Amino acid sequence: MQTETTSRADLWVLTVALYKMSLKSAEDIGRWDRHAMSFASHELEGDKFVIGVTDQYAAEYYTSLYAEPLRIALIQAGAQPEVKVVFSVTEKAKEIEREKREKEVVKRVHTEEVHQVRRAAFASTVPLNPNYTFDNFVKGPSNSFAYAIATAIAKEPGGNTNNPFFVWGGAGLGKTHLMQAIGHHVMQHDPSKSVCYITSETFLNEYINALSNKDMESFRKRYRNIDLLLLDDVQFIGGKEQFQEEFFNTYSNLMTYGKQVVMTCDVPPKRLSNLEERLITRFQQGIVIEIESPSYETRLAILKSKARNSRHRIPEEIFTFIGENIKSSVRAMEGALNLIARFMDANPGMEINSQIARVLLREHIEEEVTIRRLSIDEIVKAVCSTYNVTYADILSNNRTQPLATARQVAMFLARKLTGNSTPTVANEFKRNHTTVLHGSQTIQKRIDVEPELKKTIEQITEQLGRKPSELFY
Ligand code: ADP
Ligand code: MG
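Conventions used here
- Residues numbered from 1 in each chain as written.
- Chains lettered and ligands numbered in written order.
- Predicted model: local features only at pLDDT ≥ 70, side-chain atom pairs only at ≥ 80, totals over all residues.
- Heavy atoms only, no water.
- Core = buried A, V, L, I, M, F, W, Y, C linked by side-chain atoms within 4.5 Å.
- Buried < 20%, exposed > 50% of the residue type's maximum accessible area, 1.4 Å probe, protein only.
- Contact = heavy atoms within 4.5 Å.
- Axes fitted to C-alpha atoms, helices over the stretch in contact; angles between N-to-C directions.
- Helix = DSSP H or I, 4+ residues; strand = E, 2+ residues; numbered from the N terminus.
- Parallel < 35°, antiparallel > 145°, perpendicular 65-115°, else oblique.
- Left-handed = near helix turned anticlockwise from the far one by under 90°.
- Nonpolar A, V, L, I, M, F, W, Y, C, P; charged D, E, K, R; others polar.
- Near = heavy atom within 4 Å.
- Polar contact = N/O pair within 3.5 Å; in protein donor to acceptor, adjacent residues only side chain to side chain.
- Areas by Shrake-Rupley, 256 points an atom, 1.4 Å probe, with all protein chains shown as cover.
- Pairing = 2+ DSSP bridges.

1. Section: the nonpolar core
One recurring pattern in soluble globular proteins: nonpolar side chains tend to sit buried together. In terms of nonpolar packing, the biggest core is built from 54 residues, with Trp 32, Phe 39, Leu 70, Phe 87, Ile 322, Ile 340 and Leu 361 touching the most fellow members. Those residues in contact with Phe 87 that sit more than four places away from it in its chain are Phe 39, Ile 51, Val 53, Ala 59, Tyr 62, Thr 63, Tyr 66, Ala 67 and Leu 70.

Below is the structure:
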């Protein structure tokens, strides 16, 4: 697509759509959405794409996070290859911020009332996504068992048979949606019940905060007075021993009092690494169900159901095209559909067909073809051969150079390319979580000033069959 056919406003819409589709986790998408709310303006000025923010700190922070991935997305969306992304403090941004603040004073009064009502029913600070209801969930052979159990739980949370409910499966297959649907149903039918939805990462952070504020008492109280605990992405619990102890107590307490626990995870309990055996055993005591990738028919049904909520009239041909070409996750399909919708907005009157869709979704289709789960093992082996060290060296405590760098490069790549959580990576490296974090941050910084290192890392990435652009530094 050329710049001439993409108007300026649409260039941004398309860029955001493309960027968001490249994000793998709900956390990353959530973080982007939160940050993007504070972008006051965006404008193409010559070969600079200037994003207006209100203070210098934000400008620096956003530059480090987004300048490069946004530049790539801009080019994909049709901007010239020389384009640069600049976050800067602009007058316009300040003005918009002032106006927003004035409006907020009015809004705050109203929002506060709404929050008070919510808080009564909600133990958690994380609100449910209003779209994640049973009504919006499309059933198919890949998820019908999980759906049946979820609806049974929603009708009778805390019943003996389906407690805990452990749903697992790949990313973007509807685990969070289904889990939150239980929450919506329970809150609607029995407002006296306290429902808590939380990701295990947030749960862990709250625990750490409680520890450092010496406020374990209220932390415990809060999580022990819940009727329905929806704990998303439990794979993040791995590794943290002290936290597992606390979690075990919270969990046992809830179960003792017949409260319902629902968990999601990217692997079945027995494959959760670095988790105490007693927790794994507990998780298996209820019902464990996998959500699988949807069949072609289910994919089409999901696409059509998503399109029903949109004002766009999407031709049948496009549904078929997406259904046939994007299979890895429902999230990816949704992203593709959004991109088509944005294109239709940007080009009213233009007939969209599968040829255009093919161009528009080129990157995603390519990604579908090359998408392959890399294991940490493969990464370590590639690093070993590049640096001429052994696997045992990497796992050892020897800090001499270049071994120390090789180890940190492996940690960096493992975090960037496998989609595994830091604790999982840490476990594989037989290190603690902070060591891995530190190691990969060190590499991230060195890349900027050491072109040789950057080149080596890019070569390893390509050797592993992945694109250096995925590293997003
Ligand atoms: P997961 O938690 O498994 O990574 P999500 O629950 O976040 O996946 O789902 C990703 C997106 O796909 C969400 O927008 C969700 O609404 C949608 N989705 C997934 N499965 C279905 C389905 N069966 N019916 C309708 N939408 C679905
Ligand atoms: Mg999820």
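2. A word on the packing of helix 16 (residues 376-387) against helix 21 (residues 451-463)
In contact at an axis separation of 10 Å, helix 16 and helix 21 are set at 130° when each is read in the N-to-C sense. Classified by the angle their axes make, helix 16 and helix 21 are oblique. Crossing handedness for the pair helix 16 and helix 21: right-handed. In this structure, helix 16 contributes Ala 382, Val 383, Ser 385, Thr 386 and Tyr 387 to the contact, and helix 21 contributes Leu 453, Thr 456, Ile 460 and Gln 463. A class-by-class count of the residues in the contact of helix 16 with helix 21 yields five nonpolar, four polar and no charged.

3. A short note on the site of ligand 1
Around ligand 1 there are 18 residues in total, and Gly 172, Lys 175, Thr 176, His 177 and Glu 334 lie nearest to it. Taking Lys 306, its side chain carries an N or O atom lying 2.9 Å from an oxygen atom of ligand 1. Surface burial for ligand 1 is 94%, taken as the share of its 560 Å² of free accessible area covered by protein chains. For the shell around ligand 1, the secondary structure elements donating two or more residues are helix 6 (175-189), helix 11 (296-308) and helix 13 (330-346). Taken together, the residues of the shell around ligand 1 sort by class into seven nonpolar, seven polar and four charged.

4. Re the sheet that holds strand 4 (residues 165-168)
Taken in spatial order, the five strands line up as 5-6-7-4-8 in an open sheet, and their pairing is parallel. Two strands lie at the open edges of the sheet, namely strand 5 (195-199) and strand 8 (287-290), each paired on one side alone. Averaged over all pairs of adjacent strands, the angle between strand axes in this sheet comes to 15°, irrespective of strand direction. Note: strand 4 against strand 8, four bridges, orientation parallel.

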